[in-house]
Amino acid sequence: MAADGALIDPQARVVDYLRVSVTDRCNYRCTYCVPAEGADRRGRDELLAFEEIAALVRVFAGLGVRRVRLTGGEPTVRPGLPALVGLLRAIPGLDEIALSTNGHLLDRWAAPLRVAGVDRLNVSLDSLDPRTFRALTRGGDLARVLAGLEAAAEAGFRAIKINTVAIKGVNDGEVAALCGFAWARGFVPRFIEEMPMAAGRTYHAGSCLSAAEIRAAVAALDPSGQVVEDDGGAARGGGPARYFRLTGTGPARRFGIISPMTEHFCASCNRLRLSATGALHACLGHDDAVDLRAPLRTGDPAAVRAAIRQALAGKRPGHTFDLIGIGGPRKAMVQIGG
Ligand code: SAM
């Protein structure tokens, strides 16, 4: 049941989940995310201050948003991130704060972020092979991410998920290894179908590993087991992942799939995205956005609420990722927060 004044879009979907990009900067340059020539970056003075982000989240919480995910860019490159988490923690009605990171700085930040109040963590990990990892991230250091994951495991998050963008001919042969790695450490592996962002400039055409192919790759791990639907347990957050389990003896072999391309989930979309500069995007797959920074800076919460409702009213029934380069999104995830 939606609360009074809740955020309900023209398709009657209830929005209770907000992704907040805290920076458009990233210390990695993943080939599927950042165009080779780089992405436009906004000046530091254009970024929302932590107090401004918290003020906006407070308005969203008053409209029924219960979960927030901090993302980017790479959120851990923004100095003092735990202070933002502390501000968000104090907002009444917010049940959960999650964070998405590439893990490069996690050995330093896992414990302070957990202490500040981050409940759950998603760590991107596209390969366990240092060379593939370096190539895909354009310079990333696998050893640092693994050290970061160790620190995260010790910090006591409610759930740690490993996110892998699955690309044929690049890392599709690693589905088994990534599952084994995650399961051995109590993490939940998740595989994401590659989306054609940035007008298709980052897309490995024809290389999207589909949800069905991902399930088959996991099933091949154990011919006596079966892939069955699963509720996700503690791994289930506010996002669009579907969860599965490979049956058999021993610890639960749970995994998740985020399938925007072959089994899209637009009908159950429950989220909005706030960019680091205060632009509110109703859909990752469309470029239009409504500015919240200007109304926020007038100091009038009613104007902010009106702008949020304007964005919600424009929320489309679905994305247009099938229109690669001829109508799909021109923005990159690094710019608005994936
Ligand atoms: N830097 C953080 C991280 O690595 O998780 C947060 C931002 S990143 C944009 C969020 C997630 O989006 C990552 O898991 C990343 O792999 C994924 N992503 C980026 N571009 C994508 C694309 N074109 N298709 C599918 N997933 C993508």
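This text follows the structure it describes.
The model shown is predicted, which means the values in this text are computed figures rather than measured ones.

J.: An account of the packing of helix H1 (residues 50-62) against helix H9 (residues 301-313) is needed here, citing residue identities and associated values.
T.: Their axes nearest at 10 Å, the elements H1 and H9 cross at an angle of 70°. Comparing their axes, H9 and H1 come out roughly perpendicular. Considering only the axes of H1 and H9, their crossing is right-handed. Contacts from Leu56, Val59 and Phe60 of H1 reach H9 at Val304, Arg305 and Ile308. A class-by-class count of the residues in the contact of H1 with H9 yields 5 nonpolar, no polar and 1 charged.

J.: Explain the state of the cysteines to me, and be specific about the residues and the numbers.
T.: With the rule as written, the count across this model stands at 0 disulfides. Left unpaired, cysteine 30 is separated from the closest cysteine sulfur, that of cysteine 33, by 6.2 Å. Among the cysteines around cysteine 269, which has no disulfide bond, cysteine 283 carries the closest sulfur, lying 6.7 Å off. Assessed through its relative accessible area of 12%, cysteine 269 is described here as buried.

J.: Would you mind going over the side chain of aspartate 126 in detail, with residue names and values included?
T.: Relative to the elements of secondary structure, aspartate 126 occurs in the loop between strand S6 (120-124) and helix H4 (130-137). Of the side chains bearing the opposite charge, arginine 138 lies closest to the buried aspartate 126, which forms no salt bridge; the N-O distance is 11 Å. Here the side chain of aspartate 126 touches valine 165 through a polar contact of 2.9 Å, landing on its backbone nitrogen. With residues up to four places along the chain from it excluded, the contact list for aspartate 126 reads Tyr32, Phe133, Leu136, Asn163, Thr164, Val165, Asn171, Glu174 and Leu178.

J.: I'd like a description of the pairing of strand S11 (residues 253-258), backed by residues and values.
T.: Residues in a regular strand project their side chains so that they alternate between the two faces of the sheet. Where burial is concerned, most of S11 is hidden: 5 out of the 6 residues are buried. As defined by bridge partners, strand S8 (residues 188-193) adjoins S11 across 3 bridges and the pair is classed as parallel. Residue pairing for S11: phenylalanine 191 is matched across the bridge by isoleucine 257. Looking at chain direction, strand S10 (residues 242-246) and S11 are connected through 5 bridges and run antiparallel.

J.: Residues and numbers for the packing of aromatic side chains, please.
T.: Scanning the model with the defined rule gives 3 aromatic pairs in all. Measuring from centroid to centroid gives 6.5 Å for phenylalanine 181 and phenylalanine 187, while their planes differ by 55°, and the two rings are tilted. The burial state of phenylalanine 181 is the same as that of phenylalanine 187; both residues are buried. Over the face of the ring belonging to tryptophan 109 we find arginine 108, whose NZ or CZ atom lies 4.0 Å from the ring centre.

Calculation rules
- Residues numbered from 1 in each chain as written.
- Predicted model: local features only at pLDDT ≥ 70, side-chain atom pairs only at ≥ 80, totals over all residues.
- Heavy atoms only, no water.
- Axes fitted to C-alpha atoms, helices over the stretch in contact; angles between N-to-C directions.
- Helix = DSSP H or I, 4+ residues; strand = E, 2+ residues; numbered from the N terminus.
- Parallel < 35°, antiparallel > 145°, perpendicular 65-115°, else oblique.
- Left-handed = near helix turned anticlockwise from the far one by under 90°.
- Contact = heavy atoms within 4.5 Å.
- Nonpolar A, V, L, I, M, F, W, Y, C, P; charged D, E, K, R; others polar.
- Disulfide = S-S within 2.5 Å.
- Buried < 20%, exposed > 50% of the residue type's maximum accessible area, 1.4 Å probe, protein only.
- Lys, Arg positive; Asp, Glu negative; His and termini not counted.
- Salt bridge = Lys/Arg side-chain N within 4 Å of Asp/Glu carboxyl O.
- Polar contact = N/O pair within 3.5 Å; in protein donor to acceptor, adjacent residues only side chain to side chain.
- Pairing = 2+ DSSP bridges.
- Phe/Tyr/Trp six-rings, centres within 6.5 Å; stacked < 30°, edge-to-face > 60°.
- Lys NZ or Arg CZ within 6 Å of the ring centre and 35° of its normal.

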